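Inside the fold
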Amino acid sequence: MGKKRQSEISRSIYRALLRDPHHVHKKTVLAFILAFFTIWRIRLVRLSAELFRQLRTEVWNIDEEEYKRSFHCEKGQGRVEPMGDLGYSGSTFFRTANSKFLIKSLPRHFEHSFFEEELLQPYSDYMSSHPDSLLVRITDFLVAPYCTLGAMLKFVPTHHVIMENVLCDRQAEREGDKWETYDLKPIDYFYPKRDLLPESLRSESVMRKPFDVFNDKIRITREQYSDLRQMIEEDTGFLQSANTVDYSLFLVRFPAHLQPGNTNVRTSQWRAGVPSTDGKWKYRTVLLDFFWAKHTLHAQALTTIVQTFNVVGRKGPMTITTTAEEYRRKFLQMIDGLVELQTTT
């Protein structure tokens, strides 16, 4: 990712957040023409700005001025730092200089259209009634209102979600390198890069791409596990009702003697850090990447392809081609398998 691209995306994001969301921008023919020939610095606007403001201030108690300062621009440079292109989706990631928020692009049309047209309002309603939900907190949704050459040529993304960063206080720790992160999905699905490559060709980097493997246990009390299981049951029940699959559990653990100050105002125990029963670790966790809906044309087409392949290959469903009900069942089984309860004597 070139420095120019990074800088222009950063400025576009900051200007969208700085702009008055209540200002009605008139889309004129001249504006469309001028916007079309934009390559790098495309215009972004906040979609459903009032909805997200209410979530930030009334549900999660995020201070608006502090939120705006996280993206503050100094000497013409937005305080948004690139994190690279991660995952199979082609998403680009940025974080604010204070690490409190992440910006993730949604380059695939079927994902951002699903979120915008179908999931956004139900997500808002659900998070309002479940303020301590483990679904990642999305604080803004930025979109490009015009078609541009930069977007058509895939130079810059046109849709971004801004969300909390559960690692926001890691950089301030002297032992930040001892923090561990795991992006976990059920492992008994068909993953092409794992299941089709000969074992001799499976490099460590390739094998880590489909999913992370947590070769340990989350050691917690029965009461803590009951709370965790209930929250994840409710959250995945909501995702199943939206016909969503392929979401993951983002697990963080860090040494128990550390006392980081998670800067999110409304912080449940699973965002602050749940201590392990053996006294070695503290755990944080959220649910990520719930933008893949089974009923979209893209998902249906891919399901048909995989089903056709399985007539010969017999590899079984992928996380993105199984049913929402089945994915939730295996996801909950994965949670059960991760936990080791404190034994009583």
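The present account deals with the structure reproduced in this document.

Thresholds applied
- The numbers attached to residues start from 1 for each chain and follow its sequence in the written order.
- Totals for whole chains, interfaces and linings use all residues, but because this is a predicted model, local features are given only for residues with pLDDT of at least 70 and pairs of side-chain atoms are given and counted only at 80 or more.
- The side-chain figures draw on all heavy atoms in the structure; neither hydrogens nor water molecules are used.
- Under the DSSP-based scheme used, a helix requires at least four consecutive residues in state H or I and a strand at least two consecutive residues in state E, with every element numbered from the N terminus.
- Using a 1.4 Å probe on the protein chains alone, a residue whose accessible area is under 20% of its type maximum counts as buried, one over 50% counts as exposed, and one in between counts as partly exposed.
- Contacts were defined at the residue level, with two residues in contact if any of their heavy atoms lie within 4.5 Å.
- Note that accessible areas follow from Shrake-Rupley with a 1.4 Å probe, and for residues the cover is restricted to the protein chains shown.
- What makes two strands pair is DSSP finding at least two bridges between them.
- For cavity detection a 1 Å grid was placed over the protein atoms alone, and a set of points counts as a cavity when a 1.4 Å probe fits there but cannot get out; an open set counts as a pocket when protein lies on both sides within 12 Å along at least five of seven lines, with lining residues being those that have an atom within 4 Å of a point.
- Grid points are joined across faces, edges and corners, and a volume is the space filled by probe spheres set on the points.
- Nonpolar residues are Ala, Val, Leu, Ile, Met, Phe, Trp, Tyr, Cys and Pro. Charged residues are Asp, Glu, Lys and Arg, and all others, Gly as well, are polar.
- Two rings belonging to Phe, Tyr or Trp (six-membered ring only in the last case) form a pair when the distance between their centres is within 6.5 Å. Interplanar angles under 30 degrees mark stacking, angles over 60 mark edge-to-face geometry, and anything in between is tilted.
- A ring has a charge above it when a Lys NZ or an Arg CZ is no more than 6 Å from the ring centre and no more than 35 degrees off the ring normal.
- Multiplying one less than the number of residues by 1.5 Å gives the expected span of a helix.
- Each nonpolar core is a collection of buried residues, namely Ala, Val, Leu, Ile, Met, Phe, Trp, Tyr and Cys, held together in the definition by side-chain atoms within 4.5 Å.
- These domain limits were set by an automatic method or by a database of domain assignments.
- Axis angles are defined between N-to-C directions and span 0 to 180 degrees, where every axis is a line fitted to C-alpha atoms and, for a helix, only to the segment in contact.

**Let's talk about the overall build of the chain**
If you tally the helices and strands in the chain, you get 12 helices and 16 strands. Taken over 345 residues, the chain has a buried fraction of 49%. In the chain, the share of contacts with a sequence separation of at least 24, taken over all contacts with a separation of at least 6, comes to 76%. For the chain, the computed accessible surface area is about 17000 Å², with 53% contributed by carbon and sulfur atoms.

**Re the pairing of strand β5 (residues 91–96)**
Buried residues dominate β5, accounting for 5 of its 6 residues. Examined bridge by bridge, β5 and strand β6 (residues 101–105) share 3 bridges and lie antiparallel to one another. Looking at the pairing, F94 lines up with I103 of β6.

**Remarks on empty space enclosed by the protein**
For the structure shown, the criterion picks out 5 cavities of 30 Å³ or more. Roughly 50 Å³ of internal volume is contained in the second largest cavity. What lines the second largest cavity is simply I218, L228, I232, L249, L251, W270, T285, I335, L338 and V339. Elements with a contribution of two residues or more to the lining of the second largest cavity: α9 (222–241), β12 (248–255) and α12 (324–338). Of the residues contributing to the lining of the second largest cavity, the split by class is 9 nonpolar, 1 polar and no charged.

**Re the packing of aromatic side chains**
Each aromatic ring pair is specified by the distance between its two centres and by the angle formed by the two planes. Taken as a whole and assessed by the stated rule, the structure comprises 15 aromatic pairs. Aromatic pair F71 and F101: ring centres 6.1 Å apart, planes at 25°, arrangement stacked. In this pair, F71 sits in the loop between α4 (64–69) and β2 (73–74) while F101 sits in strand β6, placing the two residues 30 residues apart along the sequence. No difference in accessibility class separates F71 from F101, as the two residues are buried. Following the ring pairs from residue to residue traces out a cluster consisting of F115, Y123, F141, F290 and F291. Directly above the aromatic system of W281 lies the positively charged group of R253, at a separation of 3.9 Å from the ring centroid.

**A few points about unusual backbone geometry**
Phi at S48 is positive, roughly 55°, even though this residue is not glycine. Among the structural elements, S48 can be located in the loop between β1 (45–46) and α3 (49–59). The phi dihedral of N61 is positive, around 60°, even though this residue is not glycine. Structurally, N61 can be placed in the loop between α3 and α4.

**Let's talk about α9**
If you check α9, its first and last C-alpha atoms are 28 Å apart, about what 20 residues at 1.5 Å a residue would give, namely 28 Å. The set of residues buried in α9 consists of Q224, Y225, L228, R229, M231, I232, D235, T236, F238 and L239. Looking one or two places after α9, you find N243, whose phi comes out positive at around 65°.

**Remarks on the nonpolar core**
Core analysis: the biggest nonpolar cluster contains 84 residues, and F71, Y123 and I138 have the highest contact counts within it. For this core, the domains that each give at least three residues are domain 1 (1–164) and domain 2 (176–341). For I138, the contacting residues outside a window of four places in its chain are F52, L55, W60, F115, Y123, V161, I162, M163, F290 and F291.

**Section: the side chain of R229**
Along the chain, R229 falls in helix α9. Its relative accessible area of 17% is what places R229 among the buried residues. Not counting residues within four places of it along the chain, the set of residues in contact with R229 comprises L332 and D336.

**Considering the sheet that holds strand β9 (residues 180–184)**
Spatially, 4 strands are ordered β9-β12-β14-β13 in an open sheet, and the strand pairing comes out antiparallel. Edge positions in the sheet fall to β9 and β13 (274–275), since each has one partner strand and no second. With 5 bridges connecting them, β9 and β12 associate as antiparallel partners. What sits directly across from L184, in β12, is L249. Each of β12, β13 and β14 (281–288) is contacted by α9, which is oriented at about 10° to β14, the strand it contacts most.

Geometric values such as these leave the question of function open.
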